[in-house]
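The chain contents come next:
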Amino acid sequence: GITDCVTIVDADDWTIDAALCEIVEEGCTYTIGKWKNWTGLGNGNQEDIVSEHLPVTLGDEGGAKSLVVADVYMAVDVLSQKVYGKPNNGITKLYAQFLAAKLNFANGASDMDVAGYADDADAFLAEHDHNDWDSLTDEEVYNVRMWHTAFDDYNNGDIGPGHCDRDGDDDD
């Protein structure tokens, strides 16, 4: 038999039987390349789909080292990974993938599979920036790489609601 999905609120409610159900996540995701190229800037750039979702804070609001991405110029800088550190800097990579993930959230993609990572990365980035990369502990480096990988997988549709091109949308 098939039943509707239910959220169990009372763990002592023995009228609910265990079963599997599919949770359908809403929206879809774009990669950092799509977000970078759809800013309305430069030759060959597409219309601006980024500005409507800005500002985006990477870190907790008011965090000493939080990075507030206020406009498309700054968004391109973060996504390009050449201004706020270098591409070999783990925090720089985290910035780019996390910004794309937050733009995906704002664009309607479910954050269910990465919400915990987002909370942890925000707390970390409130106290650390790209200048701190070389002084991080092994555990902090591990966490930065884990968050970066999770957001990369999310933005590429490997986890979460899936990539937008699944419906024929071009991912420039």
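Up top you'll find the structure we're talking about.
Values in this document were obtained by computation on a predicted structure and should not be read as measured data.

**A short note on the packing of aromatic side chains**
Aromatic ring pairs are described here by two measures, namely the spacing of the ring centres and the angle between the planes.
Next up, step 1: Evaluated as defined, the whole model comprises four aromatic pairs.
Next up, step 2: Their ring planes at 65 degrees and their centres at 5.5 Å tell us that Phe105 and Tyr154 sit as a pair that is edge-to-face. Of the two residues, Phe105 sits in helix H3 (residues 90–106) while Tyr154 sits in helix H5 (residues 138–155), which places them 49 residues apart along the sequence.
Next up, step 3: For Tyr154, a relative accessible area of 0% translates into the label buried.

**Examining the pattern of salt bridges**
Next up, step 1: Going through the model one piece at a time under the given rule, you end up with two salt bridges.
Next up, step 2: Taking the shortest distance from any N to any O, the salt bridge between Asp132 and Lys65 comes out at 3.0 Å. Of this pair, Asp132 sits in the loop between helix H4 (115–125) and H5 while Lys65 is found in the loop between strand E1 (56–58) and strand E2 (67–69), placing the two residues 67 residues apart along the sequence.
Next up, step 3: Residue Asp122 pairs with Lys102 through a salt bridge whose shortest N-O separation is 2.8 Å. Of the two residues, Asp122 is situated in helix H4 and Lys102 in helix H3; the sequence distance between them amounts to 20 residues.
Next up, step 4: Judged by relative accessible area, which is 11%, Asp122 ranks as buried.
Next up, step 5: According to the relative accessible area criterion, Lys102 is buried, its value standing at 15%.

**Comments concerning helix H2 (residues 72–80)**
Next up, step 1: All of the buried residues in H2 are Val72, Met74, Ala75, Val76, Val78 and Leu79.
Next up, step 2: Lining the buried residues of H2 we find helix H1 (32–37), E1, E2 and H3.
Next up, step 3: A distance of 3.1 Å separates the backbone nitrogen of Tyr73 from a side-chain oxygen at the start of H2, and that oxygen is part of Asp71.
Next up, step 4: A positive phi of about 60 degrees marks Gln81, the residue just after H2.

**Let's talk about a negative patch on the surface**
Next up, step 1: A surface patch of negative charge is lined by Asp60, Glu61, Asp111, Asp119, Asp120 and Glu127.
Next up, step 2: Taking the relative accessible area as the measure of exposure, Asp120 reaches 43% and is therefore partly exposed.

**Describing the environment of Val56**
Next up, step 1: Mapped onto the elements, Val56 comes out in strand E1.
Next up, step 2: Here Val56 falls in the buried class, since its relative accessible area comes to 7%.
Next up, step 3: When the C-alpha atoms of Val56 and Ala75 are compared, they prove to be 9.1 Å apart, with 19 residues separating the residues in sequence.
Next up, step 4: Val56 has contacts with Leu67, Val68, Val69, Leu99, Lys102 and Leu103, leaving out every residue within four places of it along the chain.

**Quick word on the nonpolar core**
Next up, step 1: Judged by nonpolar contacts, the single largest core of 43 residues is most densely connected at Leu58, Leu99 and Phe151.
Next up, step 2: Put simply, the parts of the chain that give this core at least two residues each are H1, E1, E2, H2, H3, H4 and H5.
Next up, step 3: When residues in this core are grouped by element, the largest group, nine residues, is from H3.
Next up, step 4: Setting aside chain neighbours within four positions, we find Leu99 in contact with Val56, Leu58, Val69, Ala75, Val78, Leu79 and Leu94.

About the cut-offs
- Residues numbered from 1 in each chain as written.
- Predicted model: local features only at pLDDT ≥ 70, side-chain atom pairs only at ≥ 80, totals over all residues.
- Heavy atoms only, no water.
- Phe/Tyr/Trp six-rings, centres within 6.5 Å; stacked < 30°, edge-to-face > 60°.
- Helix = DSSP H or I, 4+ residues; strand = E, 2+ residues; numbered from the N terminus.
- Buried < 20%, exposed > 50% of the residue type's maximum accessible area, 1.4 Å probe, protein only.
- Salt bridge = Lys/Arg side-chain N within 4 Å of Asp/Glu carboxyl O.
- Contact = heavy atoms within 4.5 Å.
- Polar contact = N/O pair within 3.5 Å; in protein donor to acceptor, adjacent residues only side chain to side chain.
- Patch = residues over 30% accessible without salt bridge, like charges linked within 9 Å, V, L, I, M, F, W, Y side chains within 5 Å.
- Areas by Shrake-Rupley, 256 points an atom, 1.4 Å probe, with all protein chains shown as cover.
- Lys, Arg positive; Asp, Glu negative; His and termini not counted.
- Charge placed at Lys NZ, Arg CZ, Asp CG, Glu CD.
- Core = buried A, V, L, I, M, F, W, Y, C linked by side-chain atoms within 4.5 Å.

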